[in-house]
Amino acid sequence: MAQEDVFKKLVAHCKEYGYVFPSSEIYDGLAAVYDYGQYGVELKNNIKKYWWDSMVLLHENVVGIDSAIFMHPTIWKASGHVDAFNDPLIDNKDSKKRYRADVLIEDHIAKYEEKIEKEVAKAKKRFGEKFDETLFRQTNPQILQHQQKKEELRSRMAKALNDNDLNELRQIIIDNKIVCPISGTCNWTEVRQFNLMFSTEIGSTADGASKIYLRPETAQGIFVNFLNVQKTGRMKIPFGIAQIGKAFRNEIVARQFIFRMREFEQMEMQFFVRPGSELEWFKKWKETRMSWHQTLGFGAENYRFHDHEKLAHYANAATDIEFRFPFGFKEVEGIHSRTDFDLKRHQEFSGKKIQYFDPELNESYTPYVIETSIGVDRMFLQVIAAAYQEEEIEKEDGTKDARVVLKLPAALAPVKLAVMPLVKKDGLPEKAEEIMQALRLDFRCQYDEKDSIGKRYRRQDAIGTPFCITVDHQTLEDNAVTIRYRDTMQQERVAIDQLYGILKQKTDMRELLKQIKL
Ligand code: ATP
């Protein structure tokens, strides 16, 4: 199935099974804003817990905060967002659709990558066992040509973005004959800068209301609280401050479901270090964060680092962790070495001294910062895209059937356990209810007695419940139930008093946390 079709099905599945709804749907929706449904909110909370615990439980020197969305407007002057939080936008005159100029070029670059992968796949098929992929990639003339074009284009774009040269960005689009996917034409407007911050007013107009911004990132709330946390927590460098919270960006292009939203959530951690040691810490956090992703078991081959060619003026290293979404490799997380830029700017704009006295060095300095920044919603999309599978299965009578299953890591699954009486009589519902009562405070359980067992399994597969328990007549005699595993569909007979132990071990988030390489 084409990847676009998989993605469409995934979006439909999220809606049908209570994961993600378009916002304000009965009013025809609001572009790039989404609501999380009854299962979505649970998955989202579990993802946040996985991140939060990996920061504050696994690192003694990382603490959390929860700063307000509204902040003093000067903060956004100091951070550079008022003057430079822009995206270069371009309109197609025929379709009247608006695009980010850099994204159009990035997508064009991705086409060369696709061509390379196609060549490799073709050759693999042709040469079979004897195929030497590395050699082929290094020597095949067509691949080398695509590679060269890709690199030329990338560095030309990086230079244009670095120089803030909007005419050149447009020229790249024209020279490469990049067309609008809707109209298919190359009839483009000039490229303009567009500020992504939303603003509103605080105070009543009678008092002279003043302009205030909805934060476009959570990081600044951490920087402006640096001294508060360092002093009250008696934190010693190196240490980190973590935060999860909403952020708002008036994105130009908003067409990829929850990948790019106008209201979204971030999980950010700023790690304050001694000047000079930042690149070592950058390397360490790169590894730790990649391990956090890979521990979920979606396959190491589906992740890669994308080191930035265009560094923001204040950064001395930056990389993205990219995941292979159904629409290609895209950023889920950014890791940046931000030097002392932010703290210095806040010191300058606030007039307050923001420094750290290092008792070991016996001197004061402005700490350097490594930032790890990941979108909750993008992470949600990663998890759900990796988990979504359509499978052909064989029924007991030998006929074929299909199932849609969300193979979510058990620790993240919204519902851990479904309890099902085989029939709605003979005391089986009461027994099932009894089991639910015993487990409900530890595991999110769902009771289901409607339809055939097969149909009930399908429903639970579709929402990703890792374990189903069936109570049958024998249960009343031997106090044992059948446990059915979502991924293998295997069934096992277990004593009721063993259930807690089995579920605890298999759904415990600590089992994931223990595997993360620190
Ligand atoms: P992009 O290049 O995709 O716009 P970015 O580089 O601007 O992203 P950052 O400012 O580094 O993103 O933000 C950190 C993380 O926040 C991103 O890796 C992403 O997971 C998330 N994020 C950023 N913008 C959005 C958005 N509009 N919707 C959902 N998540 C977002």
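Residue positions within a chain follow its written sequence, with the count starting from 1. Side-chain atom pairs in this predicted model are given and counted only at pLDDT of 80 or more, local residue features only at pLDDT of at least 70, and totals for whole chains, interfaces and linings cover all residues. To get the side-chain values, all heavy atoms of the structure are used, and hydrogens and water are removed first.

Q: I'd like a rundown of the layout of surface pockets, residues and numbers included.
A: A pocket, in this scheme, is an open set of points on a 1 Å grid over the protein atoms alone with protein on both sides within 12 Å along at least 5 of 7 lines, while a cavity is a set where a 1.4 Å probe fits but cannot get out; residues line either one if an atom lies within 4 Å of a point. Grid points are joined across faces, edges and corners, and a volume is the space filled by probe spheres set on the points. Roughly 410 Å³ of volume is contained in the second largest pocket. Each helix is a run of H or I in the DSSP string that is no shorter than four residues. Each strand is a run of E no shorter than two, and both are numbered from the N terminus. Only β17 (388–394), α15 (453–463) and β22 (480–485) provide two or more residues apiece to the lining of the second largest pocket. For the lining of the second largest pocket, the element with the highest residue contribution is α15, accounting for 4 residues. Here the nonpolar group is Ala, Val, Leu, Ile, Met, Phe, Trp, Tyr, Cys and Pro; Asp, Glu, Lys and Arg are the charged ones; every other residue, Gly included, is treated as polar. A class-by-class count of the residues in the lining of the second largest pocket yields 5 nonpolar, 4 polar and 6 charged.

Q: Can you break down the side chain of threonine 470 residue by residue, with the values?
A: Along the chain, threonine 470 turns up in strand β21 (residues 467–471). A polar atom in the side chain of threonine 470 sits 3.4 Å from the side chain of tyrosine 457. Any N or O atom pair separated by 3.5 Å or less is treated as a polar contact, with the protein-specific requirement of one donor-capable and one acceptor-capable atom, and with residues adjacent in sequence counted only for side-chain atom pairs.

Q: Go over the sheet that holds β21, please, and point to the residues and values.
A: For two strands to be treated as a pair, DSSP must find at least two bridges joining them. Taken in spatial order, the 5 strands line up as β20-β19-β21-β22-β23 in an open sheet, and their pairing is mixed. With one partner strand each, in any of the chains shown, β20 (445–447) and β23 (491–495) form the two edges of the open sheet. Here the strands of the sheet are splayed against their neighbours by 25° on average, with no regard to which way each runs. The contact criterion used throughout is that any non-hydrogen atoms of two residues lie within 4.5 Å. Structural elements are reduced to axes, namely lines fitted to C-alpha atoms, with helices fitted over the stretch in contact, and the angle between N-to-C directions of any two is expressed from 0 to 180 degrees. Lying over the sheet, helix α14 (residues 428–439) contacts β19 (417–421), β20, β21 and β22, oriented at roughly 165° with respect to β20.

Q: Please set out the sheet that holds strand β4 (residues 86–91) residue by residue, giving values where relevant.
A: What the 3 strands build is an open sheet, ordered β5-β4-β6; its pairing is antiparallel. Pairing within the sheet leaves two strands with one partner each, and these edge strands are β5 (98–100) and β6 (192–195). Averaged over all neighbouring strand pairs, the angle between strand axes comes to 45°, with direction disregarded. Here helix α8 (residues 166–175) sits on the sheet and contacts β4 and β6; the angle it forms with β4, its principal contact strand, is near 45°.

Q: Kindly report on the site of the ligand, identifying the contributing residues and their values.
A: Every one of the 17 residues lining the ligand counts as a neighbour, but Glu251, Arg260, Met261, Glu331 and Val332 are closest to it. At a separation of 2.8 Å, a nitrogen atom of the ligand approaches a polar backbone atom of methionine 261. Calculation on the ligand without its partners gives an accessible area of 590 Å², and the protein chains cover 85% of this total. Of all the secondary-structure elements, those providing two or more residues to the shell around the ligand are β10 (263–273), β13 (328–339) and β16 (368–375). Counting residues per element, the shell around the ligand draws most heavily on β13, which supplies 5 residues. Of the residues that constitute the shell around the ligand, the class distribution is 5 nonpolar, 5 polar and 7 charged. Near, as used in this document, describes a residue that has one of its heavy atoms within 4 Å of the molecule or strand being considered. Per-residue and other accessible areas were derived by the Shrake-Rupley procedure at a 1.4 Å probe size, with only the shown protein chains allowed to occlude residues.

Q: An account of unusual backbone geometry is needed here, citing residue identities and associated values.
A: Each neighbour pair has its own omega, and for isoleucine 237 with proline 238 the value is 5°, a cis peptide bond. Residue placement: proline 238 occurs in the loop between α10 (226–232) and β9 (239–248). Unusually for a residue other than glycine, aspartate 426 sits at a positive phi of about 60°.

Q: Explain helix α2 (residues 40–56) to me, using residue names and the numbers behind them.
A: One turn of the α-helix equals 3.6 residues, which is why residues spaced by three or four share an orientation. Taking 1.5 Å per residue, 17 residues should reach 24 Å; α2 reaches 24 Å between its end C-alpha atoms and fits that length. For the exposure calls, accessible area comes from a 1.4 Å probe over protein chains only, and a residue counts as buried if that area is under 20% of its type's maximum, exposed if over 50%, partly exposed in between. Taken together, the buried positions of α2 are occupied by Gly40, Leu43, Lys44, Asn46, Ile47, Lys48, Tyr50, Trp51, Asp53, Ser54 and Met55. Here, expected helix span is obtained from the residue count minus one, scaled by 1.5 Å.

Q: Go over the packing of helix α5 (residues 101–127) against helix α7 (residues 141–162) with me, naming the residues and quoting the values.
A: Two elements in contact, α5 and α7, have axes whose closest approach is 10 Å; the angle formed by their N-to-C orientations is 165°. Put simply, α5 runs roughly antiparallel to α7. Between α5 and α7 lies a crossing whose hand is left-handed. Each of Asp102, Ile105, Glu106, His108, Ile109, Tyr112, Glu113, Lys115, Ile116, Glu119 and Val120 in α5 lies in contact with α7, whose residues at this interface are Gln142, Ile143, His146, Gln147, Lys149, Lys150, Leu153, Arg154, Met157 and Leu161. Residue classes in the contact of α5 with α7 are distributed as 9 nonpolar, 4 polar and 8 charged. Our angle categories are set so that under 35 degrees counts as roughly parallel, over 145 as roughly antiparallel, 65 to 115 as roughly perpendicular, and the remainder as oblique. Take the far helix as your reference; a near helix turned counterclockwise from it by less than a right angle gives a left-handed crossing, and one turned clockwise gives a right-handed crossing.

Q: I'd like to hear about the side chain of histidine 108, residue by residue, with values.
A: For histidine 108, the position within the fold is in helix α5. The exposure class of histidine 108 is buried, given its relative accessible area of 15%. Ignoring sequence-local partners within four residues, the contact set of histidine 108 consists of Leu153, Asn176 and Ile178.

Q: Kindly report on the domain arrangement of the protein chain, identifying the contributing residues and their values.
A: Note on interface size: it is often stated as the accessible area lost on association of the parts. Domain segmentation is taken from an automatic or database assignment of domains. Partitioning the protein chain into domains gives domain 1 (1–69 + 216–390), domain 2 (86–192) and domain 3 (410–513). Distance between the C-alpha centres of domain 2 and domain 3: 50 Å.

Q: Lay out the packing of aromatic side chains in plain terms, naming residues and giving numbers.
A: Centre distance and the angle of the planes are the two values used to describe a pair of aromatic rings. When the centres of two rings from Phe, Tyr and Trp lie within 6.5 Å, Trp using its six-membered ring, the rings pair. Their planes under 30 degrees apart give stacked, over 60 give edge-to-face, and anything left gives tilted. Under the definition given, this model contains 26 aromatic pairs. With a centroid separation of 5.5 Å and 80° between ring planes, the pair formed by phenylalanine 259 and phenylalanine 327 is classed as edge-to-face. Taken together, the residues span a long stretch of sequence, with phenylalanine 259 in the loop between β9 and β10 and phenylalanine 327 in the loop between β12 (317–325) and β13 at a distance of 68 residues. We classify phenylalanine 259 as buried; its relative accessible area is 5%. When its relative accessible area of 23% is taken as the criterion, phenylalanine 327 is described as partly exposed. Ring centres of phenylalanine 325 and phenylalanine 327 lie 5.3 Å apart, and the angle between their planes is 0°; this geometry places the pair in the stacked category. A relative accessible area of 3% means that phenylalanine 325 is categorised as buried. What links up through ring pairs into an aromatic cluster is the set Phe7, Tyr34, Phe257, Phe259, Tyr303, Phe323, Phe325 and Phe327.

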